[in-house]
Amino acid sequence: MILRSLALAAGIAGAFGAAQFPAYSQQYLQRLGGAVDALEQVVAEFDASAAAVGLTRQEALTQMRGTAFVERRRADMTRAIRRYESLRADFSALTGKGPFMRAYHVGHLSDAEIARGTWAAFQPAFPMTLATLLFALAGFIASALGFGALLAVLRWPVRRKPKLA
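Here is a short report on the structure shown in this document. (Residues numbered from 1 in each chain as written. Predicted model: local features only at pLDDT ≥ 70, side-chain atom pairs only at ≥ 80, totals over all residues. Heavy atoms only, no water.)

Considerations on the overall build of the protein chain
Point 1. A count of helices and strands for the protein chain gives 7 helices and 0 strands.
Point 2. Seen in sequence order, the protein chain has helices and strands lined up from the N terminus as α-α-α-α-α-α-α.
Point 3. Taking 165 residues into account, the globule formula puts the C-alpha radius of gyration at 15 Å, and the protein chain, at 25 Å, lies well above it.
Point 4. With the C-alpha coordinates aligned to their principal axes, the bounding extent of the protein chain is approximately 90 × 40 × 25 Å.
Point 5. For the protein chain, restricting intrachain contacts to residue pairs at least 6 apart in sequence, the fraction spanning at least 24 positions comes to 77%.
Point 6. Surface summary for the protein chain: the accessible area is close to 11100 Å², and the carbon and sulfur share equals 65%.
Point 7. Computing the positive centroid from 19 side-chain charges and the negative centroid from 11, the protein chain places the two 22 Å apart. (Helix = DSSP H or I, 4+ residues; strand = E, 2+ residues; numbered from the N terminus. Rg over C-alpha atoms; globule rule 2.2 N^0.38 Å. Contact = heavy atoms within 4.5 Å. Areas by Shrake-Rupley, 256 points an atom, 1.4 Å probe, with all protein chains shown as cover. Lys, Arg positive; Asp, Glu negative; His and termini not counted. Charge placed at Lys NZ, Arg CZ, Asp CG, Glu CD.)

Next comes the structure, spelled out in structure tokens:
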């Protein structure tokens, strides 16, 4: 009886946790869009400066050599450009997707900085939408079954063996 109660509690905790995914992923997407917009402006300004002197982006980065400051600035711009391209690809993959497709593309919710910011500002909620209820149901089933499987594994070495007649 106690184990069933614990499995039920694990299922309820899993349901509540999984039900948070639609709201969390939406907030992540909003932060992702803001980061893409900010980096787009930085990259566009760099590209415009390069173009003003007849250089491509890569040529401008290659010419940024000489002093320690310029070398560091080149490394900073290279990282910013790479991050912009990566975040833009993630944003493109997630834009216009509902919570189920965002779950399918969960790998695009992986930027650590954006995830930390989203989590820091996230306030759990339980809006009554079909998506929330389905995520809650999936979380309940996965958690209850997972807890049951864990208990079965832990009890296996000490299980009673049937007596042979």
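Topic: helix H1 (residues 2-19)
Point 1. A rise of 1.5 Å per residue sets the reference length of H1, with its 18 residues, at 26 Å; its end C-alpha atoms lie 25 Å apart and thus fit the reference within 8%.
Point 2. Turning to H1, its buried residues number three or more, namely Ala7, Ala10, Gly11, Gly14, Ala15 and Ala19. Looking straight down H1, one finds that the buried residues subtend no more than 160 degrees of arc, so they occupy a single side. Facing away from the buried side of H1, by more than 90 degrees, are the exposed residues Ile2 and Ala13. (Expected span 1.5 Å × (residues − 1). Buried < 20%, exposed > 50% of the residue type's maximum accessible area, 1.4 Å probe, protein only. Arc of directions from axis to C-beta.)

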